[in-house]
Amino acid sequence: MLYNSTLNKEKKVASAQAIAQGIADDGGLFVPEVFPEISDNEMKELLNGDYKSRAKLIFGKYLTDFTSDEIDECVEKAYTAEKFESENPAPLHRCTYNGNEINVLELWHGPTSAFKDMALQILPHLLTKSLKKTYDGKEAVILVATSGDTGKAALEGFKDVDGTKIIVFYPESGVSPMQKHQMCTQEGKNVCVCAIKGNFDDAQTGVKTIFTDDNMKDKLAQNNMLFSSANSINWGRLLPQIVYYFSAYCEFVKSGRINLGDKVNITVPTGNFGNILASYYAYRMGLPVNKFICASNSNDVLTEFINTGVYNKNRDFYTTTSPSMDILVSSNLERFLYHITDSDDRLVKEWMTSLKKNGNYDVGCDIREKIGNLFYGGSCDDNATKTTIAELYKEDNYLCDTHTAVAINVYNQYVSDTNDKTPCILASTASPYKFCKTVLSACAPEINADSDEFAMTELLNKVTDVKIPQPIAELKGKEKRFDNSIEKSDMADFILKSLGVSII
Ligand SMILES: *Cc1c(COP(=O)(O)O)cnc(C)c1O
């Protein structure tokens, strides 16, 4: 299995190279040359296995330059019951909203109570093995731009991993107080956290620019270091996400409510398009999917794209109660465009150039139709998000976070629009306790939800009796270690300084 760049299909690298590098030299993203198929026999194997064995089988299809021992070691270290509360890190919870059954895939039982743990607990292991194969002896400098959850999950995944350093940038006023507290109290001798005066896209653009800056690369090389990425553009982030869609399908079949081979709809609260792209990869490998429902908050650039074929980032940016989806440029869409055009790197390059130059591109009628046959796009604002949390709690006593609520709301719109009752798997991406203020005021409007985050955590627990995840319960009283805040133009200097590399 080799990997191409979305901007150049002649480029061919092995998976270790793709993971170690993060992003291709030409600025494109690494994509598998072909989609490996899961045979009927393998599907039965997945069905009868546990999560770890499912992960090993799927990883084996893509990481053909890894030995099976290496893959086993990565998987065994990542998905322990200790880190994910149980043997199945991604359980399926059945609930009812507006009379419709929804199978909620809970992806937030990991160490930071958000779905990014599913990938970021394994990425450091994949990455250190990849670096040994490709850049022996070099220290990896992990740069992360985060809208909240990635940062904390990456810090947890990489903390004290030998041969790595990690620097996380977040938008100063674009993350929740709890997310900020989680990051700024991070432990570990190889970690660094810094706020940017700007939004998530500023942070992401800054990181992307620094990655491809030859001057910066040289400076690091002189110090025996190289940049690598833990962002959702890294292939090592995307691959682990494919696993839980297969696993969810298997659990669904095992519950007896669908038969092997039956189609499902998949609904995903979407920001950078990584999570929903992973479900599309699963589909291309043979998972029976009828429709992908792409849910956005008021930053509805993807909804418009799916409906019109025009991607236009020239629009107002909203800071919402689902901050991990406050994104105007969904990086992983570039991979999807590459696949949906049958690997037309020339077209992808044209569109990405137009996006950079003009802030928009138009994929035209044919591609739009192709996308529309598979994808439904919808959005929901903060008010509707809150109402959805309240209604779901009232109807089914199930507590969900703001991002998951956006997905539930949009799924409900989809069913009303289409009357399509194909069984649905819906990705739940964070614990409700990560977004206490909104969740508490939705479920108990009579309570003043204006106190500090920890008081609200306890109130929400008192009102709903839903257990507080251990990682959040432990946060209280942790010492703050980082309070840097810089202009976006100062990111490169900040990096060099914190690495102890001379700026001149
Ligand atoms: C990152 C994140 C998302 C968006 O996922 P993408 O893969 O970027 O589309 C949604 N919800 C939560 C809680 C997240 O942390």
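Further up the page is the structure itself.
Please read all numbers here as calculations on a predicted model, not as lab measurements.

**Student:** When you look at the layout of surface pockets in this model, what are you seeing that I'm missing?
**Tutor:** A probe matching the size of a water molecule, rolled over the atoms, marks out where space remains unfilled. Space inside the largest pocket adds up to approximately 730 Å³. Lining of the largest pocket is provided by 26 residues; of these, Thr 205, Lys 208, Val 329, Leu 355 and Lys 356 occupy positions nearest its centre. Going through the elements one at a time, α10 (200-211), α15 (333-340) and α16 (345-358) are the ones with two or more residues in the lining of the largest pocket. By residue number, the principal contributor to the lining of the largest pocket is α10, which donates six residues. Of the residues assigned to the lining of the largest pocket, the class counts are nine nonpolar, nine polar and eight charged. Gly 110, Pro 111, Pro 469, Gln 470 and Pro 471 are the residues nearest the centre of the second largest pocket, which is lined by 29 residues in total. Looking at the lining of the second largest pocket, its residues break down into 11 nonpolar, seven polar and 11 charged.

**Student:** Looking at this model, I keep getting lost on the site of the ligand. Mind explaining?
**Tutor:** Taken together, 15 residues surround the ligand, and among them Lys 116, Asp 149, Gly 271, Asn 272 and Thr 429 come closest. Within the side chain of Ser 324, a nitrogen or oxygen atom sits 3.5 Å from an oxygen atom of the ligand. Relative to its free-state accessible area of 380 Å², the ligand is covered by the protein chains to the extent of 97%. Put simply, the ligand lies in the largest cavity. Split by residue class, the shell around the ligand holds five nonpolar, eight polar and two charged.

**Student:** Even after reading the chapter, I still don't get the packing of aromatic side chains, so can you show me in this structure?
**Tutor:** Remark: the centre distance and the inter-plane angle together describe each pair of aromatic rings, the angle taken between the planes. Counted according to the given criterion, the structure contains 24 aromatic pairs. Their ring planes at 80 degrees and their centres at 5.0 Å tell us that Tyr 280 and Phe 336 sit as a pair that is edge-to-face. Here Tyr 280, found in helix α13 (residues 274-284), pairs with Phe 336, found in helix α15; they are 56 residues apart in sequence, far enough to count as distant. The exposure class assigned to Phe 336 is buried, which follows from its relative accessible area of 1%. Directly above the aromatic system of Phe 66 lies the positively charged group of Lys 133, at a separation of 5.0 Å from the ring centroid.

**Student:** Explain the side chain of Gln 179 to me, please; I cannot follow it from the model alone.
**Tutor:** Considering the arrangement of structural elements, one finds Gln 179 in helix α9 (residues 177-184). Given a relative accessible area of 0%, Gln 179 falls into the buried group. For Gln 179, the residues in contact, after removing those within four places along its chain, are Ser 147, Gly 148, Asp 149, Pro 323, Ser 324 and Phe 435.

**Student:** Quick question: what am I supposed to make of the environment of Leu 107 here?
**Tutor:** Mapping Leu 107 onto the fold places it in the loop between β5 (100-106) and α6 (117-120). By relative accessible area, Leu 107 is classed as buried at 0%. The spatial distance from the C-alpha of Leu 107 to the C-alpha of Ser 255 is 18 Å, given a sequence separation of 148 residues. Discounting chain neighbours no more than four positions away, the residues touching Leu 107 are Ala 90, Ala 114, Phe 115, Met 118, Tyr 244, Asn 275, Ala 427 and Ser 428.

**Student:** Just to check I follow, could you spell out helix α17 (residues 364-374) for this structure?
**Tutor:** An α-helical turn contains 3.6 residues, so a residue and the one three or four places further along point in the same direction. Every buried residue of α17 is accounted for by Ile 367, Ile 371 and Leu 374. Summarising the axial view, the buried residues of α17 lie within an arc of 60 degrees, below the 170-degree limit, and thus occupy one face. Exposed and oriented more than 90 degrees from the buried face of α17 are Cys 365, Asp 366, Glu 369 and Asn 373. Where α17 is buried, its residues meet α13, β11 (289-296), α14 (301-308), α15, α16 and β14 (375-379).

**Student:** When you look at α13 in this model, what are you seeing that I'm missing?
**Tutor:** The buried count for α13 comes to nine of 11 residues, which makes it a mostly enclosed element. Among the residues making up α13, those that are buried are Gly 274, Asn 275, Ile 276, Leu 277, Ala 278, Ser 279, Tyr 280, Tyr 281 and Ala 282. In the segment just after α13, Gly 286 is the residue with positive phi, at about 125 degrees.

**Student:** Explain empty space enclosed by the protein to me, please; I cannot follow it from the model alone.
**Tutor:** Tallying each qualifying case throughout the model produces three cavities of 30 Å³ or more. Each pocket or cavity is described by its volume, and for the largest cavity that value is around 290 Å³. For the largest cavity, the lining is made up of 25 residues, of which Phe 115, Lys 116, Gly 271, Asn 272 and Ser 324 are closest to its centre. In this structure, the second largest cavity occupies an estimated 40 Å³ of space. Every residue along the wall of the second largest cavity is listed here: Gln 204, Val 207, Lys 208, Phe 211, Ser 229, Asn 231, Ile 233 and Ser 331. In terms of residue class, the lining of the second largest cavity is built from three nonpolar, four polar and one charged.

**Student:** What exactly am I supposed to notice about the pattern of salt bridges here?
**Tutor:** Note on pairing: side chains with opposite charge can pair once their charged atoms come close. The tally for this structure, following the rule as stated, stands at 25 salt bridges. Between Asp 214 and Lys 217 there is a salt bridge, and its shortest N-O distance comes to 3.9 Å. Separated by three residues within a single helix, Asp 214 and Lys 217 lie in helix α11 (residues 214-222), roughly one turn from each other. A relative accessible area of 51% means that Asp 214 is categorised as exposed. Among the ionic contacts, a cluster of salt bridges with common partners joins Lys 52, Lys 56 and Glu 76.

**Student:** Is there a simple way to think about the sheet that holds β5 in this case?
**Tutor:** Across a sheet, strands are paired by hydrogen bonds formed along the backbone, either parallel or antiparallel in direction. On the basis of which strands lie adjacent, the open sheet formed by six strands has the order β4-β5-β15-β10-β11-β14 and mixed pairing. Strands with a single pairing partner mark the edges of an open sheet, and in this sheet they are β4 (92-97) and β14. Across the sheet, the mean angle from the axis of one strand to that of its neighbour is 25 degrees, orientation sign disregarded. Note: β11 against β14, five bridges, orientation parallel. Each bridged residue has a counterpart across the sheet, and for Phe 292 the counterpart in β14 is Phe 375. Helix-sheet contacts for α13 involve β10 (264-269), β11, β14 and β15 (424-428), and the interaxial angle to β11 is about 175 degrees.

Conventions adopted
- Residues numbered from 1 in each chain as written.
- Predicted model: local features only at pLDDT ≥ 70, side-chain atom pairs only at ≥ 80, totals over all residues.
- Heavy atoms only, no water.
- 1 Å grid on protein atoms, 1.4 Å probe; cavity = no way out; pocket = protein on both sides within 12 Å on 5 of 7 lines; lining within 4 Å.
- Points joined across faces, edges and corners; volume = space filled by probe spheres on them.
- Helix = DSSP H or I, 4+ residues; strand = E, 2+ residues; numbered from the N terminus.
- Nonpolar A, V, L, I, M, F, W, Y, C, P; charged D, E, K, R; others polar.
- Near = heavy atom within 4 Å.
- Polar contact = N/O pair within 3.5 Å; in protein donor to acceptor, adjacent residues only side chain to side chain.
- Areas by Shrake-Rupley, 256 points an atom, 1.4 Å probe, with all protein chains shown as cover.
- Sits in = over half its atoms within 2 Å of the grid points.
- Phe/Tyr/Trp six-rings, centres within 6.5 Å; stacked < 30°, edge-to-face > 60°.
- Buried < 20%, exposed > 50% of the residue type's maximum accessible area, 1.4 Å probe, protein only.
- Lys NZ or Arg CZ within 6 Å of the ring centre and 35° of its normal.
- Contact = heavy atoms within 4.5 Å.
- Arc of directions from axis to C-beta.
- Salt bridge = Lys/Arg side-chain N within 4 Å of Asp/Glu carboxyl O.
- Pairing = 2+ DSSP bridges.
- Axes fitted to C-alpha atoms, helices over the stretch in contact; angles between N-to-C directions.

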